[in-house]
Amino acid sequence: MIGGRLKTAILPKLLTGARDGLPLDAIGATDSLQALALAAQALRFDRPPQPPQFQVEDVIADRATIMPDAARKLLIRLMAGKGQASLSAAIVRKLVERKLRLHPFDLPKLETFVKAHAEDLGAEALAFSEREKPVAQKQNYFAPDRLSDENWVLATPVVKAGYISGRRAIDPDAARALVEAVWKTEDADSRFRLLGAFRERLSEADAPFLKSLEKDRAPRVRALSQRLIVKLPGFEGSDPALREVLERIKVSKSGLIFKKTVLTLELPATVRDHTKRAWLNQAFGPIGLEMLAGALSLSVEAMIAAAEKQTDLLLAFFLMATQDGRLDVVEMVTDGHLPDAWALVDATDDEALADYNQDMRRAWVAHVFRPDRWGSDTTPWVIRRMAMLLAAEATEKMFADVLRSKPWLALRKPNAGYDADIIDDMAAMCPPAMRPALRTEFAALDSAKTGNAILFLDLMNSLETDHV
């Protein structure tokens with residue numbers, strides 16, 4: 001008995017009560033209800049119609065080594081729920097560093113973690129995170145060492161920007177040609193990331209492309225292109241941002257015998273304390289340190305010395321040095337003029353450090369956050385801010401300084417109030433050699449708040465074992 005005949009000839013008769021002469025009589029189904037039950041059972045095994053075409057998914061090739069079983073169990077215990085962001089990011093960095101990937105069976109158990117870091121966890125994780133997206137919207141994953149001029153544009157935005165940055169270091173003209181060819185098809189975030197790669201090896205040949213971006217749809221792309229244009233070798237054009245800043249900087253002389261230059265910044269009357277930092281970033285951000293110093297007929301060092309009593313101007317120089325990657329100037333400003341610079345950094349600085357590698361971030365954090373200068377009134381949240389901007393393991397000296405700092409020692413006092421996230425952040429930036437010391441510190445703290453951090457340290461040890 002086939003399904004089609006059941007549906008068209010037999011079932012309608014059964015439902016209307018007319019069942020004489022049906023094939024069901026031949027198998028002894030004399031009761032109407034029994035006949036209906038038999039018909040329903042037969043329909044359950046009816047094969048569905050064959051689809052007109054099949055969609056064949058590409059084979060996912062992920063050649064990274066699967067993480068060891070011991071680490072898998074720890075990761076699931078730690079990240080199966082709502083994992084702390086700093087711990088998640090640190091785990092991903094370690095997996096990338098050790099060239100490890102998640103076990104395919106663990107992907108559903110770690111879905112939140114996988115979706116948050118899919119671009120960095122490899123091809124399998126990315127495919128899993130996008131399994132419900134339409135085919136046209138899915139991203140391709142390429143490990144950095146498998147990218148070429150032919151397939152780079154198919155990678156994720158972060159990987160694409162990294163590839164173009166590498167190409168700029170070898171052949172800047174070829175890199176620019178690759179970007180120009182796909183520019184109109186990239187979204188704003190990708191365009192901004194690709195343009196960031198042009199900071200290296202700028203030349204006059206980049207001028208036509210950069211000037212073509214003056215009407216880009218994204219404001220931050222326009223701002224970055226303007227900043228790059230004024231840095232072009234031999235640039236002699238008008239810089240509106242520089243002109244506006246110079247109109248607000250007053251140059252004078254002081255001293256009876258030895259005259260020295262003094263710079264004074266006049267803020268707009270509309271700028272209030274809570275908007276001052278944003279204004280400084282917006283006004284001084286598009287200008288390079290060297291260009292501003294040149295316009296004032298001073299060296300960078302002399303310009304900073306001339307603003308020694310101008311906190312707002314020093315903060316502006318600090319922001320400019322951070323954007324220029326001038327760590328020597330960051331150190332000069334924070335060491336001699338802004339000893340509490342950590343209190344001045346905020347969320348907007350994350351973007352300024354986007355192009356920093358781990359060594360640069362460590363150096364920047366070491367100059368800005370000085371744990372030996374933290375007082376008893378410094379909030380422990382400074383540790384959270386430090387870990388967030390570091391986004392890497394600290395140096396042993398830097399971490400030892402934090403363990404000796406007053407805000408950290410304050411957590412060990414009876415009834416000290418603090419959030420478990422601070423403990424997790426300490427674990428995230430703990431270098432391997434300092435883990436035993438940190439475990440000893442945890443013994444003096446509330447065990448209810450150190451559980452995740454201890455699990456994380458065990459996980460890091462497991463991922464770094466020799467058998468991996």
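Coordinates for the structure precede this section.
Keep in mind that what you see is a predicted model, and the values were worked out from it rather than measured. (Residues numbered from 1 in each chain as written. Predicted model: local features only at pLDDT ≥ 70, side-chain atom pairs only at ≥ 80, totals over all residues. Heavy atoms only, no water.)

**Things to note about the overall build of the protein chain**
Note the cut-off: The numbering of helices and of strands both runs from the N terminus, where a helix is a DSSP run of H or I of at least 4 residues and a strand a run of E of at least 2. For a compact globule the rule gives 2.2 Å times the number of residues to the power 0.38, and the radius of gyration it is set against comes from C-alpha atoms. Under the scheme applied here, a residue whose accessible area is under 20% of the maximum for its type counts as buried, over 50% as exposed, and between as partly exposed, the area being computed with a 1.4 Å probe on protein chains only. We call two residues contacting when some pair of their heavy atoms lies within 4.5 Å. Using the Shrake-Rupley algorithm and a 1.4 Å probe, accessible areas are obtained, with residue cover drawn only from the displayed protein chains. Lys and Arg are tallied as positive, Asp and Glu as negative. Neither His nor the chain termini are counted. In this description, the location of a charge corresponds to atom NZ of lysine, CZ of arginine, CG of aspartate or CD of glutamate.
Along its length, the protein chain carries 25 helices and four strands. The globule rule puts the C-alpha radius of gyration for 468 residues at 23 Å, and the 31 Å found for the protein chain is more than 25% above it. Each of the three principal axes of the protein chain carries a C-alpha extent, and together these read 125 × 60 × 50 Å. In the protein chain, which comprises 468 residues, the proportion classed as buried is 44%. At a minimum sequence separation of 6, the contacts of the protein chain that also span at least 24 residues come to 65%. By element, 54% of the accessible surface of the protein chain is carried by carbon and sulfur atoms, the whole surface being about 25000 Å². Within the protein chain, the 65 negative side-chain charges are centred at a point lying 2 Å from the centre of the 63 positive side-chain charges.

**A look at the pattern of salt bridges**
Counted only if it meets this: Think of a salt bridge as a Lys or Arg side-chain nitrogen and an Asp or Glu carboxyl oxygen that are within 4 Å of each other.
Counting across every chain of the model gives 31 salt bridges. Among the ionic pairs, lysine 94 bridges to glutamate 464, the shortest N-O distance being 2.7 Å. Here the residue lysine 94 occupies a position in helix α4 (residues 85-97), and glutamate 464 occupies one in the segment after α25 (447-463), the gap between them amounting to 370 residues. Among the ionic pairs, aspartate 216 bridges to arginine 191, the shortest N-O distance being 2.9 Å. Note that aspartate 216 is positioned in the loop between α10 (207-211) and α11 (219-229) and arginine 191 in helix α9 (residues 188-196), a separation of 25 residues in sequence. Classification of arginine 191 as buried rests on a relative accessible area of 3%. Beyond isolated ion pairs, a larger network of salt bridges with shared partners links Lys94, Glu97, Glu393, Arg435 and Glu464.

**A few points about the environment of phenylalanine 284**
Looking at the element boundaries, phenylalanine 284 is found in helix α13 (residues 273-284). Between the C-alpha atoms of phenylalanine 284 and lysine 253, which are 31 residues apart in sequence, the distance is 23 Å. With residues near it in sequence (within four places) discarded, phenylalanine 284 still touches Arg227, Val245, Ile249, Leu265, Trp279, Leu292, Leu313, Ala316 and Met320.

**A closer look at the side chain of lysine 276**
The line we're drawing: Identification of polar contacts relies on pairs of N or O atoms within 3.5 Å, with a donor-acceptor requirement for protein atoms, meaning one able to donate a hydrogen and the other able to accept it, and with residues adjacent in sequence counted only if both atoms are side-chain atoms.
Examined against the element boundaries, lysine 276 turns out to sit in helix α13. At 3.3 Å, the side chain of lysine 276 and the side chain of aspartate 312 are in polar contact.

**So, the packing of aromatic side chains**
The criterion, for reference: Centres within 6.5 Å are what make two rings of Phe, Tyr or Trp a pair, Trp counting through its six-membered ring; a difference in plane orientation under 30 degrees is then read as stacked, over 60 as edge-to-face, and the rest as tilted. By definition here, charges over rings are those cases where NZ of Lys or CZ of Arg is within 6 Å of the ring centre and within 35 degrees of the ring normal.
Across all of its chains, the model carries six aromatic pairs by this definition. Summarising the aromatic geometry, the rings of tryptophan 279 and phenylalanine 284 are spaced 6.4 Å apart at their centres and angled 80 degrees between planes, so their arrangement reads as edge-to-face. The pair formed by tryptophan 279 and phenylalanine 284 is uniform in burial state, with each residue classed as buried. Ring centres 6.0 Å apart and planes at 35 degrees place the aromatic pair phenylalanine 318 and tryptophan 364 in the tilted group. Of this pair, phenylalanine 318 sits in helix α16 (residues 311-324) while tryptophan 364 sits in helix α19 (residues 358-368), and the two are 46 residues apart along the sequence. For the pair formed by phenylalanine 318 and tryptophan 364, the shared burial category is buried. By the ring-pair criterion, three or more aromatic residues cluster together here, those being Trp183, Phe198 and Phe209. In this structure, arginine 131 is placed above the aromatic ring of phenylalanine 128, and the distance from its NZ or CZ to the ring centre is 4.0 Å.

**Description of the environment of leucine 455**
Note that leucine 455 resides in helix α25. On the basis of relative accessibility, which here comes to 12%, the residue leucine 455 falls in the buried class. Taking the C-alpha atoms as reference points, leucine 455 and leucine 78, separated by 377 residues in sequence, lie 6.8 Å from one another. Each residue touching leucine 455, except ones within four places of it in the same chain, is listed here: Leu74, Arg77 and Leu78.

**Some words on helix α24 (residues 435-442)**
Worth spelling out the cut-off: Note that the arc is computed from the directions linking the helix axis to the C-beta atoms.
Taken residue by residue, α24 has Arg435, Leu438, Glu441 and Phe442 as its buried positions. One side of α24 carries all its buried residues, which in axial view fall inside an arc of 115 degrees. Seen from the open side of α24, the exposed residues pointing more than 90 degrees away from its buried face are Pro436 and Thr440. In this structure, the buried side of α24 is in contact with α4, α21 (396-404), α22 (406-410), α23 (420-428) and α25.

**Here we look at the nonpolar core**
Where we set the bar: Nine residue types can take part in a nonpolar core, namely buried Ala, Val, Leu, Ile, Met, Phe, Trp, Tyr and Cys, and a core is a set of them joined through side-chain atoms within 4.5 Å.
Core analysis: the largest hydrophobic core is formed by 99 residues, its most contacted members being Phe284, Leu292, Trp364 and Phe369. No other element matches the nine residues that α16 contributes to this core. The residues contacting leucine 292, other than those within four sequence positions of it, are Leu242, Val245, Leu246, Ile249, Phe284, Ile287, Met303, Phe317 and Met320. Listed in part, the 27 residues of the second largest apolar core include Trp152, Ala197, Phe209 and Ala218.

**Examining unusual backbone geometry**
Positive phi is not limited to glycine here, since serine 297 has a value of about 60 degrees. Looking at the secondary structure, you find serine 297 in the loop between α14 (289-295) and α15 (300-306). Of note in the backbone geometry, alanine 391 takes a positive phi value of approximately 50 degrees without being a glycine. Note that alanine 391 resides in the loop between α20 (381-390) and α21. By relative accessible area, alanine 391 is classed as partly exposed at 25%.

**Things to note about the packing of α24 against α25**
This is how it is decided: For helices, the fitted line uses only the C-alpha atoms of the stretch in contact; every axis is such a line through C-alpha atoms, and the angle between N-to-C directions lies from 0 to 180 degrees. Our angle categories are set so that under 35 degrees counts as roughly parallel, over 145 as roughly antiparallel, 65 to 115 as roughly perpendicular, and the remainder as oblique. Take the far helix as your reference; a near helix turned counterclockwise from it by less than a right angle gives a left-handed crossing, and one turned clockwise gives a right-handed crossing. Amino acids outside the nonpolar list (Ala, Val, Leu, Ile, Met, Phe, Trp, Tyr, Cys, Pro) and the charged list (Asp, Glu, Lys, Arg) are all regarded as polar, and Gly is one of them.
The interhelical angle for the contact between α24 and α25, taken along N-to-C directions, is 160 degrees, at an axis separation of 11 Å. Between α24 and α25, the angle falls in the class roughly antiparallel. Like other packed secondary-structure pairs, α24 and α25 cross with a definite hand, here left-handed. Note on element contacts: α25 touches α24 through Thr450, Ala453, Ile454, Leu457, Asp458, Met460 and Asn461, opposite Arg435, Leu438, Arg439 and Phe442. Residues that form the contact of α24 with α25 fall into these classes: six nonpolar, two polar and three charged.

**Things to note about α19**
Within an α-helix, residues lying three or four positions from one another point in the same direction, as the helix has 3.6 residues per turn. Those residues of α19 lying buried are Arg361, Arg362, Trp364, Val365, His367 and Val368. Sitting at the amino-terminal end of α19 is asparagine 357, which places a side-chain oxygen 3.1 Å from the backbone nitrogen of aspartate 359.

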